Amino acid sequence: MAKPGYRVFETVVGEIRRMSPHFVRVTFRGDDLNDVGWDGPDQRIKVVLPLEGVPEGDDGFGCFPRGDDWFGDWRALPDERRNPIRTYTIRDARPETGELDVDFVAHGDSGPASRWIARAEPGERMLFVAPDATSDEPPGGWEWHPGTAGTLLIAGDETAVPAMSAILAQLPASARGAAFLEVPAAGDVLDIEAPPGVVVQWLHRGGDEHAEATYGARLVEAVRAWADDELGARGAARAEAAAPADAELPALADDEILWEVPEATADDGVYAWLAGEATAITTLRRHLVKGLGVDRRRVAFMGYWKLGRAEG
Ligand SMILES: Cc1cc2nc3c(=O)[nH]c(=O)nc-3n(C[C@H](O)[C@H](O)[C@H](O)COP(=O)(O)OP(=O)(O)OC[C@H]3O[C@@H](n4cnc5c(N)ncnc54)[C@H](O)[C@@H]3O)c2cc1C
């Protein structure tokens, strides 16, 4: 049987660095990480969180399955023995030295990942599921496919900042477009690299991360303004040429996963990559596709999380 493209990795928490009021970078270490794959800049992994309330002597990972069918085995476990799993992005990986960085958003104690980051300690054991570079199977798990697009639109909130930072850092010097990054507070603006032709705009919610009504509001406003200017006329022309189905968007039920990623574009038009809180991302996509007539096959949109709903 072929070796799966993903597998469980055993690591130890190395360094924990608070980079800003809401971003915490954790460097995981371990020889196992010599085999970790990192195929695309927005490569996602599954972080396995320790079970809470376990007996002394169990570090919270005693029940987590390690075999090729870890997912099936994990699902078959009773609730109280099933570790929480959450999706994160590889911010940087150095397989040669067995290191991998993840930037966690600290958003309070409402979820197991956010609770963990508030109390994590160097030396703790940690597991995650990530691409296995020794497998011949393509792992997938990344969505940045701009093809030959001439104008790039990259937009997201703090949960997508790690992916957007990695995307921007690997763009060619000739890339053109704009990136919009919404973060909770002014202090969360990070130092990131981007080519000169890509305008980077940070937006912040003024530090009140609990003001739920404001999640994504600044992002939507800024992206709409840019898109109306940059894509309005061109988008309208394209809308006329597009097949009617291209302007149609299916209605999404409340519990549906908001995720649609196109193939790479084969011309020099626009390519949009949108990720973050599901409602804001849906609003943006709707504006681009329905409002401006951008072909939906040029818009990758990914609900990274949904306000009021736990992952998993
Ligand atoms: C492909 C992908 C890549 C991602 N990469 C990253 C990454 O690199 N870094 C990162 O921090 N996140 C990332 N996320 C988002 C992360 O998976 C979610 O934020 C996740 O819900 C956090 O788990 P939790 O256990 O803290 O909260 P959950 O148990 O999932 O949720 C508990 C509550 O917290 C709320 N909540 C969840 N996330 C946030 C938030 N950021 N701010 C405020 N409230 C929130 C939920 O709405 C829910 O009400 C990514 C998601 C995807 C799909």
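Computed from a predicted structure; not experimentally measured. For every chain, the first residue of the written sequence is number 1, and numbering continues from 1 along that sequence. The predicted origin of the model limits local features to residues at a pLDDT of at least 70 and limits the giving and counting of side-chain atom pairs to 80 or more, whereas totals for whole chains, interfaces and linings rest on all residues. Excluding hydrogens and water, the side-chain figures rest on all heavy atoms present in the structure.

Q: Quick question: what am I supposed to make of the pattern of salt bridges here?
A: Salt bridges are identified by distance alone: a Lys or Arg side-chain nitrogen within 4 Å of an Asp or Glu carboxyl oxygen. Summed over the entire model, instances satisfying the criterion amount to 24 salt bridges. Where Asp 132 meets Arg 7, a salt bridge forms, and the shortest distance between an N and an O atom there is 3.4 Å. Taken together, the positions of Asp 132 in the loop between strand E7 (125–131) and strand E8 (151–156) and Arg 7 in strand E1 (residues 6–18) put the pair 125 residues apart, joining distant regions of the chain. What you see here is one network of salt bridges that share partners, running through Glu 15, Arg 29, Asp 92, Arg 94, Glu 99 and Asp 101. Numbering of helices and strands runs from the N terminus; a helix is a DSSP stretch of H or I covering at least four residues, while a strand is a stretch of E covering at least two.

Q: How should the site of the ligand be read in this particular structure?
A: Taken together, 26 residues lie near the ligand, and Thr 87, Thr 89, His 107, Lys 306 and Glu 311 sit nearest. Here an oxygen atom of the ligand and a backbone polar atom of Pro 112 are 3.1 Å apart. Separating an oxygen atom of the ligand from a backbone N or O atom of Lys 306 is a distance of 2.7 Å. Relative to its free-state accessible area of 910 Å², the ligand is covered by the protein chains to the extent of 93%. Listing elements by their share of the shell around the ligand, those giving two or more residues are strand E4 (85–89), strand E6 (99–105), helix H2 (112–119) and strand E13 (299–305). Top contributing element to the shell around the ligand by residue count: E4, with 4 residues. What fixes the domain bounds is an automatic or database domain assignment. Per-domain counts for the shell around the ligand show at least three residues from each of domain 1 (6–131) and domain 2 (151–305). Whether a residue is near a molecule or strand is decided by its heavy atoms; if any one of them lies within 4 Å of it, the residue is near. Residues adjacent in sequence count toward polar contacts only when both atoms are side-chain atoms; beyond that, a polar contact is any pair of N or O atoms within 3.5 Å, and within protein one must be able to donate a hydrogen and the other to accept it. The protein chains shown are the only cover counted for residues, whose accessible areas, like all others here, come from Shrake-Rupley with a 1.4 Å probe.

Q: Please clarify how the side chain of Arg 25 should be interpreted in this entry.
A: Within the fold, Arg 25 resides in strand E2 (residues 23–29). Polar side-chain contacts of Arg 25 include one of 2.6 Å to the side chain of Asp 103.

Q: Just to check I follow, could you spell out the pairing of strand E12 (residues 270–277) for this structure?
A: Note on strand geometry: in a regular strand, side chains alternate between the two faces of the sheet. The element E12 is extensively covered by neighbouring structure, given that 8 of its 8 residues are classed as buried. Pairing between two strands requires that DSSP report at least two bridges joining them. Here E8 pairs with E12 via 6 bridges, running parallel. Bridging from a neighbouring strand, Ala 155 pairs with Leu 274 of E12. One ladder, built from 6 bridges, connects E12 with E13; its direction is parallel. Bridging across to E13, Ala 275 finds its partner in Met 302. To sort residues, take the accessible area from a 1.4 Å probe on protein chains only and compare it with the maximum for the residue type: under 20% means buried, over 50% means exposed, and anything in between is partly exposed.

Q: Where do I start with the sheet that holds E12 in this structure?
A: Strands in a sheet are paired, the pairing made by backbone hydrogen bonds, and the direction either parallel or antiparallel. Ordered in space as E10-E9-E8-E12-E13-E11, the 6 strands form an open sheet in which the pairing is mixed. Looking at strand neighbours, the two that pair on one side only are strand E10 (198–204) and strand E11 (259–260), the edges of this open sheet. Sheet strands touched by helix H6 (residues 278–291): E8, E11, E12 and E13. Its angle to E12, the strand with the most contacts, is close to 155°. A contact between two residues is defined here by any heavy atoms of the two lying within 4.5 Å. Where helices are involved, their axes are fitted lines through C-alpha atoms of the stretch in contact, as for all axes, and angles between N-to-C directions lie from 0 to 180°.

Q: Would you take a moment to explain the packing of aromatic side chains for this structure?
A: The description of two aromatic rings rests on the distance between their centres and on the angle between their planes. Each pair of aromatic rings taken from Phe, Tyr and Trp, with Trp reduced to its six-membered ring, is defined by centres within 6.5 Å and is described as stacked if the planes are under 30 degrees apart, edge-to-face if over 60, and tilted in the remaining cases. Inspection of every chain in the model, using the stated rule, returns 13 aromatic pairs. With a centroid separation of 4.6 Å and 45° between ring planes, the pair formed by Tyr 88 and Phe 104 is classed as tilted. Taken as a pair, Tyr 88 in strand E4 and Phe 104 in strand E6 lie far apart in primary sequence, 16 residues in all. Residue Tyr 88 is classed as buried on the basis of its relative accessible area of 16%. Look at Phe 104 and you get buried, because its relative accessible area is 0%. Taken together, a centroid distance of 6.2 Å and an interplanar angle of 15° make the contact between Trp 259 and Tyr 304 stacked. Taken as a pair, Trp 259 in strand E11 and Tyr 304 in strand E13 lie far apart in primary sequence, 45 residues in all. Taken together through their ring pairs, the aromatic side chains of Phe 28, Tyr 88, Phe 104, Trp 116 and Phe 128 make up a single cluster. A cation over a ring is seen here: Arg 7 above Phe 9, with NZ or CZ 4.0 Å from the ring centre. Against the face of Trp 74 rests Arg 82, its NZ or CZ located 5.8 Å from the ring centre. Our definition puts a charge over a ring when NZ of Lys or CZ of Arg is within 6 Å of the ring centre and also within 35 degrees of the ring normal.

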